[in-house]
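Chain by chain, the residues:
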Amino acid sequence: MTSFHTSRRNFLKVTAAAGGGLVLGFNWSASEAAVDTAASAEAIVSAAPGAVAPGVNFNSYLSISPQGVITILSPNPEIGQGIKTAFPIIVAEELDADWKKVVVEQAPLDNKRFERQVAGGSGSIPHSWERLRKAGATARQMLVEAAAKRLNVPAAELTTDKGFVLHKASNRKLGYGELATDAGQLAVPTNVKLKDPKDFKLIGSTVKNVDNPGILTGKPLFGIDFYREGMLIAMLQRPAFGYKLKSSNMDAVKKMPGIVEVFSFDNNVAVVGKSTWQVKKAKDALKIEWERGEGIESTDDHNRLFKELLNSDKASVRRKDGDVEAAFKNAAKVVTAEYQCPFLPHSPLEPMNFFAHVREDGVELVGPTQTPDLAKNDTAKLLGISPDKVTVNLTRMGGGFGRRLKSDYVVEAVQVSRQVKAPVKLIWSREDDMTGGSYRPAVRYRFEAALDASGNMVGYKLRGVSINAGNPTREDNFPAGAVPNLLIDSVDHKSAITTGPWRAPITNFLAFAEQSFLDEVALAAGKDPVQFRLSLLDRAKATPTGAIKYDIDRMRGVIELAAEKSGWGKKKAAQGFSVYFSHRSYVAQVGEVVMKAGKPVVSKIYAAADCGVVINQSGAQQQIRGAIVDGLGHAMFGQMTFKDGVPQQKNFNDYRLIRLNEIPEIDVHFVQNTIDPTGLGEPALPPAGAALANALFKATGKRFRNQPFVAEDEAKGIL
């Protein structure tokens, strides 16, 4: 019998051929620009004559081998936002590289070589845009200077294209690989010329994600896939919020097959063993008695607190413009509405996990984290060692949405490894991830608008009350600056329930509330919702009140583009409008709802975005679409409730996510400009809920002010 190794795709081809019939070969990972693994690099250089020589490091981001293979390091964590592809695109653009000969590698945490190795706040590209361009341009200039010496011509006569330095006058050219060694000996230039955006060839094109081949063929890219010979598996049982460990049957569980150790720390019970299945069985066998502590709360308590806080006299004023009291006293009409959002888990497809090996000479960490430097420093602090003794290698993440900004699960892995004196991979189950994690804060808002006799909004009040949100408002966002009399304040209640950033923190719900309310005000004023917003922007530009911290023209641009592309007001479908500024970018959306069998169905979403220069059309389109799906799904279905501090939703059987057949068609458009790139991973989520809610109102005449919409009384019989 002959044994052989084959990929899953080849297996499908073989079995199809054995069964007869037509066999068609599909290469799903093929791309005009998709060389992305070390194996690919070996394939490139294997065709080159001579031995494979090491690459020449031009700077922290790139090296070029004599065979012409260009390796570009992507230092920031890849959380699904496409940064591992986008960063190298920027470097390769200024380098004038042949993308087919580019190998992309994930860089480890390195505080000396890289800055801001963080995935959060949609800030990676804005922070690194210029330094990445300079990295590529610097190497290109050094290659040109090396070619000028080799060809004995002035550098000014040389151009570059797809990995070659060209001397058009003599019809000669030299490959980057031929020049790499000589160029690497030159002094690094301090001033380099960056390309004019009109000359971009790679930036703004469609480039497939460099991890696509690995994802499609099941390569071990994610933290949950990481394996080290001899490592142990650990799982923890954590208390509900406000409880403490009293007793457990740890000794009995320790005797179960494959279990190495069972111990407690920080109110947790850790089970450590040789395999995931053995550890899970042992964890399920734990019988723990928890002691009730202080500050235990239920969702009913939160609803009562919201009512109290909305009328509290302890609110912190965030912004006050003009004479608000007089504006409301003299108003021809006052519009008031309240909106509420629940706690939400992050629910990444890949639950929390991390590998840690605490040794006498240092600590090795490997896994999915949005903040590797925090993981490093918190580990050093826990162990009382220098951060220099902690290394962090990054894996791809199966989602994070802000949850992996924290280091709690990393520190847990370190604590377990220290206790058992062995390498350990800590794994959270789905139930652990949903019940023991960090949630989006719960918030309630009260809005009030004062209209004059002509329907102009002359007064605006917003109070945000929250549980563990700090400041649940964004006091300088639109419509601030466009209303002459404005008051925004907030009150926060501290709870034992742990919270943290959730995709597009605060604005993920605030935008829904603000934009839904502006539609209610426009209706009361007898004005078209789009024109009502544009008139507010006109006022902000002509007679601004206080500071304006958003770009009026950019916001107007996306409003007009979304209205144009959606055929606003010209269709039979019920349309709802929304626009928001967050993470330095502007996104407007139009939701369309049609009635089917007496029930509203969201059929299409139009999105217009201004995020400056678009790096990768493929990645940018998917970021917008993914954020909209995320925003729609959670507005419709997402909710986490508590009873006596215990989360009531524990897995996807009782926590509703949007389903494939509920996702509408999404039509994405970008404002074309040469503004330096701004955020993109989060800005399309905030306006999604209001675009849907406003369209639902048009279709049904019912307002949806509380999320999730399916829990609203107004939803009965129609959703």
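The model shown is predicted, which means the values in this text are computed figures rather than measured ones.

## Structural notes on the overall build of the protein
Along its length, the protein carries 18 helices and 27 strands. Its C-alpha radius of gyration of 28 Å places the protein within 12% of the 27 Å reference for a compact globule of 719 residues. In the protein, which comprises 719 residues, the proportion classed as buried is 56%. Long-range contacts, defined as pairs at least 24 residues apart, comprise 75% of the intrachain contacts of the protein with a sequence gap of at least 6. With an accessible surface of roughly 30900 Å², the protein has 51% of that area assigned to carbon and sulfur atoms. Charged side chains in the protein number 90 positive and 78 negative. The centres of these two groups are separated by 3 Å.

## As for the environment of Ala155
In this fold, Ala155 is placed in the loop between helix H4 (124-151) and strand S5 (159-161). The sequence separation of Ala155 and Lys572 amounts to 417 residues, and the corresponding C-alpha distance is 62 Å. Setting aside its immediate chain neighbours within four residues, Ala155 contacts Val144 and Ala148.

## Observations concerning the sheet that holds strand S27 (residues 665-670)
In any sheet, the strands associate via hydrogen bonds between backbone groups, in a parallel or an antiparallel arrangement. The 4 strands lie next to each other as S22-S23-S24-S27, forming an open sheet whose pairing is mixed. With partners counted over all chains shown, the strands left at the sheet margins are strand S22 (574-582) and S27, one partner each. Averaged over all pairs of adjacent strands, the angle between strand axes in this sheet comes to 20°, irrespective of strand direction. Where strand S23 (residues 585-596) meets strand S24 (residues 599-610), 11 bridges bridge the pair, whose relative direction is antiparallel. Looking across to S24, one finds that Lys596 is bridged to Lys599. Together, S22, S23 and S24 form the strand contacts of helix H18 (residues 688-700), whose direction differs from that of S22 by roughly 160°.

## Section: the packing of aromatic side chains
Remark: the centre distance and the inter-plane angle together describe each pair of aromatic rings, the angle taken between the planes. For the structure shown, the criterion picks out 22 aromatic pairs. Both rings, one in Trp129 and one in Phe200, keep their centres 6.3 Å apart while their planes meet at 85°; by these two values the pair is edge-to-face. Residue Trp129 is found in helix H4, and its partner Phe200 is found in the loop between helix H5 (176-184) and helix H6 (212-216); the two are separated by 71 residues along the sequence. There is no split in this pair, since Trp129 and Phe200 are both buried. An aromatic cluster of at least three residues, connected via ring pairs, comprises Tyr339, Tyr445, Phe447, Tyr460, Phe509, Phe512, Phe517, Phe704 and Phe709. In this structure, Arg440 packs its charged tip against the face of Trp502, placed 5.4 Å from the ring centre. Here the guanidinium or amino end of Arg656 rests over the ring plane of Phe637, the centre of that ring lying 3.8 Å away.

## A closer look at the sheet that holds strand S6 (residues 164-167)
Overall, antiparallel pairing links the 3 strands, which are arranged S5-S6-S7 in an open sheet. Of all strands in the sheet, those bounded by a partner on one side alone are S5 and strand S7 (172-175). Averaged over all neighbouring strand pairs, the angle between strand axes comes to 30°, with direction disregarded. Examined bridge by bridge, S6 and S7 share 4 bridges and lie antiparallel to one another. Bridging from a neighbouring strand, His167 pairs with Arg172 of S7.

## So, the environment of Gly175
Inspection of the secondary structure assignment puts Gly175 in strand S7. For the pair formed by Gly175 and Thr160, sequence separation is 15 residues and the distance between their alpha carbons is 9.6 Å. Here Gly175 is in contact with Gly163 and Phe164, once residues within four sequence places are set aside.

## Brief notes about the side chain of Arg403
Mapped onto the elements of the fold, Arg403 is located in the loop between strand S17 (390-394) and helix H12 (408-420). Setting aside its immediate chain neighbours within four residues, Arg403 contacts His346, Met352, Gln370, Asp408, Tyr409, Trp428, Gly437, Ser438 and Pro501.

## Observations regarding H4
Between the first and last C-alpha of H4 there are 40 Å, a value that for 28 residues agrees with the 40 Å anticipated at 1.5 Å per step. At Glu130, H4 shows its maximal kink, close to 35°. The first or second residue beyond H4 is Asn152, which carries a positive phi of 60°.

## Here we look at unusual backbone geometry
Negative phi characterises most residues that are not glycine, and trans characterises most peptide bonds. Following Phe478, the chain continues into Pro479 via a peptide bond in cis, with omega recorded as 10°. Relative to the helices and strands, Pro479 resides in the loop between strand S20 (457-467) and strand S21 (485-493). In this structure, the amide linkage connecting Gln707 to the following residue, Pro708, adopts the cis form with an omega of 0°. Mapped onto the fold, Pro708 is located in the segment after H18. One non-glycine residue, Arg116, adopts positive backbone phi at about 45°.

## As for the pattern of salt bridges
Summed over the entire model, instances satisfying the criterion amount to 45 salt bridges. Arg228 is paired through a salt bridge with Glu364; the nearest N and O atoms lie 2.8 Å apart. A residue pair is termed long-range when its members are at least 10 positions apart, and Arg228 in the loop between H6 and strand S8 (232-237) and Glu364 in strand S16 (residues 362-367) qualify at 136 residues. Taken together, the salt bridges that share partners define one network made up of Glu93, Asp96, Asp161, Lys195 and Lys201.

## A look at the environment of Val390
Relative to the elements of secondary structure, Val390 occurs in strand S17. On the basis of relative accessible area, Val390 is assigned to the buried category, the value being 4%. Non-local contacts of Val390, meaning those with residues more than four positions away in its chain, are made with Val363, Leu365, Lys376, Thr379, Ala380 and Ile385.

## Things to note about helix H17 (residues 617-637)
Here H17 is 21 residues long and its end C-alpha atoms lie 30 Å apart, about the 30 Å a rise of 1.5 Å per residue gives. Counting buried residues in H17 gives 15 out of 21 residues, a clear majority hidden from the surface. At the N-terminal boundary of H17, the capping side chain belongs to Asn616, with an oxygen 3.2 Å from the backbone nitrogen of Ser618.

## Here's the deal with the packing of helix H3 (residues 83-95) against H4
Between H3 and H4, whose axes approach to 6 Å, the crossing angle comes to 35°. As H3 packs across H4, the resulting crossing turns out to be right-handed. Only Ser124, Ile125, Ser128, Trp129, Leu132, Arg133, Gly136, Ala137, Ala139, Arg140 and Leu143 of H4 make contact with H3, whose side of the interface consists of Ile83, Ala86, Phe87, Ile90, Val91, Glu94 and Leu95. Within the contact of H3 with H4, the residues separate by chemical class into 12 nonpolar, 3 polar and 3 charged.

## Observations concerning the confidence of the model for the protein
Across the protein, pLDDT averages 92, with 92% of residues at or above 70. Counting contacts from residues 1-53, a segment whose pLDDT is below 50, to residues more than four positions away or on other chains yields 52 contacts.

## Let's talk about the pairing of strand S3 (residues 70-74)
Among the 5 residues of S3, 5 are classified as buried, and the element is accordingly described as predominantly covered. Residue alternation in S3 divides its side chains into two sets, Ile70, Ile72 and Ser74 and Thr71 and Leu73, and both sets are buried. Pairing between strand S2 (residues 62-64) and S3: 3 bridges, direction antiparallel. By the bridge assignment for S3, Ser63 is matched with Thr71. Between the antiparallel neighbours S2 and S3 lie 5 residues, among them Gly68 with a positive phi of about 90°. Judged from the 5 bridges that link them, S3 and strand S4 (residues 102-106) form a sheet pairing that is parallel. Residue pairing in the sheet places Ile72 in a bridge with Val104 of S4.

About the thresholds
- Residues numbered from 1 in each chain as written.
- Predicted model: local features only at pLDDT ≥ 70, side-chain atom pairs only at ≥ 80, totals over all residues.
- Heavy atoms only, no water.
- Helix = DSSP H or I, 4+ residues; strand = E, 2+ residues; numbered from the N terminus.
- Rg over C-alpha atoms; globule rule 2.2 N^0.38 Å.
- Buried < 20%, exposed > 50% of the residue type's maximum accessible area, 1.4 Å probe, protein only.
- Contact = heavy atoms within 4.5 Å.
- Areas by Shrake-Rupley, 256 points an atom, 1.4 Å probe, with all protein chains shown as cover.
- Lys, Arg positive; Asp, Glu negative; His and termini not counted.
- Charge placed at Lys NZ, Arg CZ, Asp CG, Glu CD.
- Pairing = 2+ DSSP bridges.
- Axes fitted to C-alpha atoms, helices over the stretch in contact; angles between N-to-C directions.
- Phe/Tyr/Trp six-rings, centres within 6.5 Å; stacked < 30°, edge-to-face > 60°.
- Lys NZ or Arg CZ within 6 Å of the ring centre and 35° of its normal.
- Expected span 1.5 Å × (residues − 1).
- Bend = angle between axes of the 7 residues up to and from the residue.
- Salt bridge = Lys/Arg side-chain N within 4 Å of Asp/Glu carboxyl O.
- Polar contact = N/O pair within 3.5 Å; in protein donor to acceptor, adjacent residues only side chain to side chain.
- Left-handed = near helix turned anticlockwise from the far one by under 90°.
- Nonpolar A, V, L, I, M, F, W, Y, C, P; charged D, E, K, R; others polar.
- pLDDT = per-residue confidence, 0-100.

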